[in-house]
Amino acid sequence: MVRYVCIHGHFYQPPRENPWLEEVEVQDSAYPYHDWNERITAECYLPNAASRLLGPGGKIIGIFNNYAHMSFDFGPPLLSWMEKNKPDAYRRIIESDRLSAERFSGHGSALAQCYNHMIMPLANTRDKRTQVIWGIRDFQKRFGRDPEGMWLPECAVDSETLDILAEHGIKFTILAPWQVTHIRKMEERAVWQELEWGAIDTTMAYRCNLPSGRSINLFFYEGATAYAIASAGLLKSGDVFVRRLLDIFRDKDGHPQLAHIANDGESYGHHHRHGDMALAYCLHTIASQGLATLTNYGEFLERHPPTHEIKIRENSSWSCIHGVERWRSDCGCNSGQFPHWNQKWRKPLRDALDELRDELAPAYEHDMRDYVKDPWAMRDGLITCILDRSSENMERFLKQHALRELSPEEKTRVLKLLESQRHAMAMYTSCGWFYDEISGIETVQVMKYAARAIQQAYEVFGYSLEQNLLADLEKAPSNYDAHGAETYKRLVIPSKIDLTRVAAHYAIASLFRDDPSHMNIYNFNVESSPYQRVKTGKFTFAAGVARAADDFTWEQTVKCFAVLHLGDHNFKAGVRDFTTEEDFARMSSALLSAFETGAATEVMRLIEKHFGPARYSLVDLFRDEQRKVIDSVLASTHAGIEAEFREIYERYNPIMNFLSSLGISLPQTVRIAAEHVINLDLKRIFDEEMVDTAELDRLIKEVLKWNIPLDKAGIAYIIPRWLFSAMNHIGHNARRDTVLLENITAVIALLEPLALDMNLWMPQNKYISLKESFYSEVGESAGAFRTLGDYLNIEVL
């Protein structure tokens, strides 16, 4: 019997981008990282590209690329974010597919994925087709080849979905073992055998013949081991992981067998810390000890085609025992965190979005027929613009599909309709129904997509479908609000953005730019001319004409604005349509004259007179820029607070030492001052390449002496980055290397009492690189280099 092993990781994150800005804004819950995508990349996606292998003594003896030895799929929007924001992680993932193809007989390990993680059995035929086409095209652009397999979101399946996969050249997909009902040998084609729940032999591939006459191959992963990884702590031991995989084999069966599992890829490092190392140990042990042959699905299918045919369980999934009810009813499947809550909101929410989709579709088709050859073929092709938003590429796309030469206004109309359809599919992202409450962040996200689709359609047709949606959402009960409509009003409507809001953002943000003549604001760009900015004392005034444009729809607007900053967080800004240069000159002259006389109240009165009561303030800035502006305007305030705390800390330091010698706790006011100052100083000390070890020693002693609470997460985030940066300077000058290494090892020794929980992945990688290219030449600094290796838990021979 030939034994094969394949582990599949489904790497996916709920969408987090602002649907109006197309970017993930800062998320405080991910501190010290900017957002959860960044945090999970550091905890999971990067580590799996270079995981650690440990020797008998528990030290790192090697690096192992899990992706190159397993099977995996990544959500297309996640890869898009990664390509822009974490290019190193993105490059490693793409390269891993190439390496896996070299290892597995030309079959790359990456699988495509339906684009928006939509529950396919609940989608209409048109959306299913677009999701598959977009998933394939996205894969081709990134990996440079056609996908052999495609992951179905939540493994949710029906025959029509499989038929669309087969129609578009997909050879296989992966399902759970309970998603099959009948089996028979292909050579007999006579009697179907009905299977008990989950009783399929998971060690082989199967053929599913479809009503259209097409067929597709299916793999059913082994469920018990997959569950043990997700929920039973299997990743705590690499040895146990290996044994569980090998236990899947059926010793009495003579056919070649595939022991394979499928899990959320985030199990390997995010959900389970160091899960990537357990996976690396498992894959490396199986391969190096010859316990089985590592493979992927494409290679196994080529070597061992199906001998049996099956019938799938229609409308089933891997995460709902009721089929696909988790995404359309109160079936009882939920996170378990809130046992007294209900999910009666799920059906009304889906019904509301289905109605919105079915109202948008005919209007889209009817209007587009005046401009393009085939509205739905054009939507299928929109993925080329999603992948490349350059004006040249979008012009080619419009020319390819247009009936005739389109005017600029017609191009914008067409692009807005396409964007409305894009968001109308994004609003079906599965996460919107998976969890417990309609006001949860994932469900609010899909409602934001709906709001964006409505807004874009309104800007074309002149009528809004929002009231219809709100009426439908009133039928969706919430465990917090009265109903879903209240949630929508509270959390979705305030998020809306248009070009007027973009111009308002620009007006305020321009006060803090050296050159405000042009500003890129996410997927918008703004140019301003004329622009005036005047500062008197702590007051700043600016006025100008802003030309704002949407890079996605090519919509443009011209607005005039005036903004007054009264210091700190106090801003008053007005924005309105630009009329004439003469009108703007008169208005700005009056405002400037009032400002120069020091009459701030008169400036505010004139802003209201010329711009109306709808004024803008710091609240209207987009979140990341808002943080930057707050940091800037409050810099003097922070400095003042710090100075006061530092004075208290330094003045009462002798008393603090005296109290410490008596074993008396510090007064709360003094403790707060000490905590603030020491945390700031501990972070700032790592701004320099060479750390002042005497000062670091003093700070740490005071932390320990007075039991000062530390921002351990923030400090533990900073130090590995300092260490990595310092190590980048090693290997260029022997004398300097010695000084640097001694400084690094001194810092390491001093930090030990703080017991910081640090992610040392980056400096470990750097050390291993240095060890391979530099260690033999370090000479007198060899001892320090070995000490650094010990700290990084790396075997140095």
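Note that the coordinates shown come from a computational prediction; the quantities given were computed from them, not determined experimentally.

Draft legend 1. Representation of the packing of aromatic side chains within the structure. For the structure on display, the rule yields 35 aromatic pairs. Ring pairs connect the aromatic residues Tyr 4, Phe 172, Phe 219, Tyr 297 and Phe 300, which therefore count as one cluster. In this arrangement the basic side chain of Arg 350 is found over the ring face of Trp 433, its NZ or CZ atom lying 4.2 Å from the centre. For Arg 721, the ring lying beneath its charged end belongs to Tyr 717, and the centroid distance is 3.9 Å.

Draft legend 2. A look at empty space enclosed by the protein. Counted according to the given criterion, the structure contains six cavities of 30 Å³ or more. Counted as a void, the largest cavity has a volume near 70 Å³. What lines the largest cavity is simply Lys 416, Arg 452, Gln 456, Glu 459, Ile 497, Asp 498, Leu 499, Phe 524, Asp 550, Thr 553 and Glu 555. The leading source of residues in the lining of the largest cavity is helix α16 (residues 441–461), at three residues. When grouped by side-chain class, the residues that make up the lining of the largest cavity number three nonpolar, two polar and six charged.

Draft legend 3. Focus on the environment of Lys 559. Considering the arrangement of structural elements, one finds Lys 559 in strand β18 (residues 556–565). Judged by relative accessible area, Lys 559 falls into the buried class, the value being 9%. C-alpha separation for the pair Lys 559 and Arg 576, spaced 17 residues apart in sequence, amounts to 5.5 Å. In contact with Lys 559, not counting residues within four places along its chain, are Thr 500, Ala 503, Gly 544, Val 545, Ala 546, Val 575, Arg 576, Asp 577 and Phe 578.

Draft legend 4. Looking closely at the sheet that holds strand β19 (residues 571–577). Taking strand neighbours across the sheet as the criterion, the five strands line up as β15-β16-β17-β18-β19 in an open arrangement whose pairing is antiparallel. Taken across any chain shown, the strands that pair with only one partner, and hence form the sheet edges, are β15 (518–521) and β19. For this sheet, the mean inter-axis angle between neighbouring strands, taken without regard to orientation, is 25°. As judged from the four bridges shared by β15 and strand β16 (residues 524–536), these two strands associate in the antiparallel manner. Within β16, the position partnered with Ile 521 by the bridge is Phe 524. Across the sheet, helix α20 (residues 581–596) lies against β16, β17 (539–550), β18 and β19, angled at about 155° from β17, the strand it touches most.

Draft legend 5. Highlighting the pairing of β17. Counting buried positions along β17 gives ten out of twelve residues, so the element sits mostly inside the fold. With eleven bridges joining them, β16 and β17 adopt antiparallel strand pairing. Bridging from a neighbouring strand, Phe 524 pairs with Asp 550 of β17. By the bridge criterion, ten bridges tie β17 to β18 in an arrangement that is antiparallel.

Draft legend 6. Structural context of helix α23 (residues 635–651). Compared with an ideal rise of 1.5 Å per residue, which puts 17 residues at 24 Å, α23 spans 24 Å between its outermost C-alpha atoms and is within 8% of the ideal. Within α23 the residues assigned to the buried category are Glu 642, Arg 646 and Tyr 649. The buried side chains of α23 occupy one side of the element, clustering within an arc of 60° when seen end-on. The outward face of α23, more than 90 degrees from its buried face, is lined by the exposed residues Ser 636, Glu 644 and Arg 651. In the core, the buried residues of α23 are packed alongside α24 (653–661), α25 (668–684) and α26 (693–706).

Draft legend 7. Representation of the packing of helix α28 (residues 734–751) against helix α30 (residues 782–791) in the model. Two numbers describe how α28 lies on α30: the axes approach to 9 Å, and their chain directions differ by 40°. The element α28 and its partner α30 pack so that their crossing is left-handed. In this structure, α28 uses Leu 741, Glu 742, Ile 744, Thr 745 and Ile 748 to contact α30, whose residues at the interface are Ala 784, Phe 785, Thr 787, Leu 788 and Tyr 791. Counted by class, the contact of α28 with α30 contains seven nonpolar, two polar and one charged residues.

Draft legend 8. Seen up close, unusual backbone geometry. With an omega dihedral of 10°, the bond running from Tyr 31 to Pro 32 counts as a cis peptide bond. Take Pro 32: it is sitting in the loop between β1 (3–11) and α1 (36–45). A cis geometry characterises the amide bond from Ser 529 onward to Pro 530, with omega recorded as 0°. Assignment of secondary structure puts Pro 530 in strand β16. Positioned with a positive phi, Cys 155 is a non-glycine residue whose angle comes to about 55°. Relative to the assigned elements, Cys 155 resides in the loop between β6 (150–151) and α5 (159–167).

Draft legend 9. Up close: a nonpolar patch on the surface. On the surface, a cluster of nonpolar side chains totalling about 230 Å² of accessible area is made up of Ile 648, Tyr 652 and Ile 655. Structurally, the position occupied by Tyr 652 is in the loop between α23 and α24.

Draft legend 10. Structural context of the state of the cysteines. Across all of its chains, the model carries zero disulfides by this definition. Here Cys 155 stays free of any disulfide, with the sulfur of Cys 114 as its closest cysteine sulfur at 11 Å. On the basis of relative accessibility, which here comes to 0%, the residue Cys 155 falls in the buried class. Left without a disulfide partner, Cys 431 is nearest to the cysteine sulfur of Cys 114, which lies 14 Å away.

Draft legend 11. Seen up close, the pattern of salt bridges. Enumeration over the complete set of coordinates arrives at 53 salt bridges. With a closest N to O distance of 3.5 Å, Arg 357 and Asp 354 form a salt bridge. On the criterion of helical spacing, the pair formed by Arg 357 and Asp 354 is a turn pair, its members being three residues apart in helix α10 (residues 346–368). Note on Asp 354: relative accessible area 18%, which makes it buried. Where Asp 583 meets Arg 586, a salt bridge forms, and the shortest distance between an N and an O atom there is 4.0 Å. Here Asp 583 pairs with Arg 586, and both are found in helix α20, just three residues apart, close to one helical turn.

About the thresholds
- Residues numbered from 1 in each chain as written.
- Predicted model: local features only at pLDDT ≥ 70, side-chain atom pairs only at ≥ 80, totals over all residues.
- Heavy atoms only, no water.
- Phe/Tyr/Trp six-rings, centres within 6.5 Å; stacked < 30°, edge-to-face > 60°.
- Lys NZ or Arg CZ within 6 Å of the ring centre and 35° of its normal.
- 1 Å grid on protein atoms, 1.4 Å probe; cavity = no way out; pocket = protein on both sides within 12 Å on 5 of 7 lines; lining within 4 Å.
- Points joined across faces, edges and corners; volume = space filled by probe spheres on them.
- Helix = DSSP H or I, 4+ residues; strand = E, 2+ residues; numbered from the N terminus.
- Nonpolar A, V, L, I, M, F, W, Y, C, P; charged D, E, K, R; others polar.
- Buried < 20%, exposed > 50% of the residue type's maximum accessible area, 1.4 Å probe, protein only.
- Contact = heavy atoms within 4.5 Å.
- Pairing = 2+ DSSP bridges.
- Axes fitted to C-alpha atoms, helices over the stretch in contact; angles between N-to-C directions.
- Expected span 1.5 Å × (residues − 1).
- Arc of directions from axis to C-beta.
- Left-handed = near helix turned anticlockwise from the far one by under 90°.
- Patch = residues over 30% accessible without salt bridge, like charges linked within 9 Å, V, L, I, M, F, W, Y side chains within 5 Å.
- Areas by Shrake-Rupley, 256 points an atom, 1.4 Å probe, with all protein chains shown as cover.
- Salt bridge = Lys/Arg side-chain N within 4 Å of Asp/Glu carboxyl O.
- Disulfide = S-S within 2.5 Å.

Without other data, these values stay purely geometric and don't point to any function.
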